[in-house]
Amino acid sequence: MSPMQEPNEVRNDIHRKARLLLRAARAASLAVIEDGYPALALVTPAVTLDGAVVVLLSQLSAHTRALDRNPRCALMVSGKQTDINPQTSPRLSLVCDSARSDDPADRERYLAIHPYAGFYADFTDFGIYRLTPIAARYVGGFARAATLNVARLAPVTAVLRNARANSAAIETVNRDQADRLDVIAAQHGGSGAGWRMATLDPDGFDLVLEDHALRIEFSHPLRIYADVSDRIAHNGGMTHG
């Protein structure tokens with residue numbers, strides 16, 4: 001810890017890093033209880049505005065049937081290692097309660113992050129499951145671990161929990177700043193024209209074009225969603241790919 005850095009600042013930084021890692025994850029390991037033993041499966045997560053994780057699962061899969069029998073599960077996402085030692089990679093482990101979700105907003109959120117899944121999402125054996133975190137552990141690298149407050153994996157103010165304000169900000173950006181979104185996408189490795197903002201949260205947003213999605217991080221969190229228009233217009237407050 002830096003001598004100029006207070007413990008609260010460190011904890012704020014850890015929670016933000018955990019949020020960035022979780023929202024950028026396009027694949028995760030899901031642990032379920034199957035016949036009394038833990039079992040693992042690869043899943044593709046999306047994170048809702050309120051910090052829950054949603055996944056699209058098939059009833060033909062053993063891990064889905066295991067969740068239906070026992071909703072307790074765990075999820076792990078990891079980032080890139082910074083050294084030859086794989087333990088230098090950041091990772092986040094969540095202990096969750098799961099439940100089948102028929103909420104259209106959960107399905108919409110999932111497909112916003114994984115547009116390619118629209119091809120099979122309507123198959124009768126597929127359904128959305130919501131994983132609600134009840135405990136979280138973040139490892140920022142070798143010998144750097146912390147237990148997190150799961151409430152801080154979601155927006156902490158009422159203003160940032162306002163789904164209507166969130167949707168209005170996305171609509172405004174897509175309507176008024178489409179050209180800027182293409183520029184931002186190009187800066188982060190995307191190509192082509194027609195990128196649109198699919199999701200927005202205090203820590204960043206997702207751009208999509210056809211079946212491709214890009215996660216863009218803010219260098220510092222939003223205080224209100226309306227501020228995103230100014231950041232897009234001036235290409236400010238975003239990390240560059």
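One can find the structure itself at the top, above this paragraph.
Read on for an overview of the structure. None of the values given here were measured: they were computed from a predicted structure. (Residues numbered from 1 in each chain as written. Predicted model: local features only at pLDDT ≥ 70, side-chain atom pairs only at ≥ 80, totals over all residues. Heavy atoms only, no water.)

What follows concerns the overall build of the chain. Within the chain, the secondary structure is distributed over 6 helices and 11 strands. Expected size for 241 residues packed as a compact globule is a radius of gyration near 18 Å; at 18 Å, the chain falls within 12% of this value. Its C-alpha atoms put the chain at 55 × 50 × 40 Å along the principal axes. Across the 241 residues of the chain, 44% fall into the buried class. The contacts in the chain between residues at least 6 apart in sequence include a share of 61% that link residues at least 24 apart. As displayed, the chain offers around 12500 Å² of accessible surface, 55% of which is attributable to carbon and sulfur atoms. Taking the average location of the 26 positive side-chain charges in the chain and that of its 27 negative ones, the two points are 5 Å from each other. (Helix = DSSP H or I, 4+ residues; strand = E, 2+ residues; numbered from the N terminus. Rg over C-alpha atoms; globule rule 2.2 N^0.38 Å. Buried < 20%, exposed > 50% of the residue type's maximum accessible area, 1.4 Å probe, protein only. Contact = heavy atoms within 4.5 Å. Areas by Shrake-Rupley, 256 points an atom, 1.4 Å probe, with all protein chains shown as cover. Lys, Arg positive; Asp, Glu negative; His and termini not counted. Charge placed at Lys NZ, Arg CZ, Asp CG, Glu CD.)

Here the focus is the pattern of salt bridges. Note on pairing: side chains with opposite charge can pair once their charged atoms come close. Applying the stated criterion to the full structure yields 11 salt bridges. Asp106 is paired through a salt bridge with Arg130; the nearest N and O atoms lie 2.8 Å apart. One end of the pair, Asp106, is in helix α3 (residues 104-113); the other, Arg130, is in strand β7 (residues 126-141), and 24 residues separate them in sequence. The buried category is assigned to Asp106, whose relative accessible area is 3%. In the salt-bridge network here, residues are joined through shared partners; they are Arg23, Arg26, Asp201, Asp206 and Arg215. (Salt bridge = Lys/Arg side-chain N within 4 Å of Asp/Glu carboxyl O.)

This structure, assessed with the given rule, holds 4 aromatic pairs. Ring-pair connections join several aromatic residues into one group, and the members of that group are Phe119, Tyr120, Phe123 and Phe126. Looking at Arg231, its charged tip hangs above the ring of Phe218, at a distance of 4.9 Å from the centre. (Phe/Tyr/Trp six-rings, centres within 6.5 Å; stacked < 30°, edge-to-face > 60°. Lys NZ or Arg CZ within 6 Å of the ring centre and 35° of its normal.)

As a further point, take helix α2 (residues 62-69). Taken as a whole, α2 has its buried residues at His63, Thr64, Ala66 and Leu67. The buried side chains of α2 occupy one side of the element, clustering within an arc of 160° when seen end-on. Buried-residue contacts for α2 involve β1 (28-34), β2 (37-43), β4 (53-58), β5 (72-78), β6 (91-101) and β7. (Arc of directions from axis to C-beta.)

To find leftover empty space, a probe the size of one water molecule is rolled over the atoms. Throughout the structure, instances matching the rule amount to 1 cavity of 30 Å³ or more. Taken as a whole, the largest cavity holds about 40 Å³ of empty space. Lining of the largest cavity is provided by Arg23, Val47, Arg109, Ile113, Thr199, Asp201, Asp206 and Arg215. Elements that contribute at least two residues to the lining of the largest cavity include exactly α3 and β9 (196-201). Of the residues in the lining of the largest cavity, the class split is 2 nonpolar, 1 polar and 5 charged. (1 Å grid on protein atoms, 1.4 Å probe; cavity = no way out; pocket = protein on both sides within 12 Å on 5 of 7 lines; lining within 4 Å. Points joined across faces, edges and corners; volume = space filled by probe spheres on them. Nonpolar A, V, L, I, M, F, W, Y, C, P; charged D, E, K, R; others polar.)

The next thing to look at is the nonpolar core. In terms of nonpolar packing, the biggest core is built from 28 residues, with Leu30, Leu75, Leu92, Leu94 and Leu148 touching the most fellow members. Within the residue set of this core, elements represented by two or more residues are α1 (7-24), β1, β4, α2, β5, β6, β7 and β8 (144-148). Discounting residues that sit within four places of it in the chain, Leu94 has contacts with Leu22, Val53, Cys73, Ala74, Leu75, Pro133, Ala135, Ala136 and Leu153. (Core = buried A, V, L, I, M, F, W, Y, C linked by side-chain atoms within 4.5 Å.)

Here 3 strands make up an open sheet; going across it, the order is β9-β10-β11 and the pairing antiparallel. The open sheet terminates on both sides in strands that have one partner only, identified here as β9 and β11 (212-217). For this sheet, the mean inter-axis angle between neighbouring strands, taken without regard to orientation, is 20°. Strand direction decides the pairing type here: β9 and strand β10 (residues 204-209), joined by 5 bridges, are antiparallel. (Pairing = 2+ DSSP bridges. Axes fitted to C-alpha atoms, helices over the stretch in contact; angles between N-to-C directions.)

This paragraph deals with the pairing of β7. The pairing of β4 with β7 spans 6 bridges and is antiparallel. Bridged to Leu56 within β7 is Ile128. Judged from the 11 bridges that link them, β6 and β7 form a sheet pairing that is antiparallel. Looking across to β7, one finds that Asp97 is bridged to Thr132.

The set of residues buried in helix α5 (residues 178-187) consists of Leu181, Asp182, Ile184 and Ala185. Along the axis of α5, the buried residues cluster in a sector spanning 165°; they form a single face. On the buried face of α5, the contacting elements are α4 (163-176), β9, β10, β11 and α6 (228-234). One or two residues past the end of α5 sits Gly189, with phi positive at roughly 95°.

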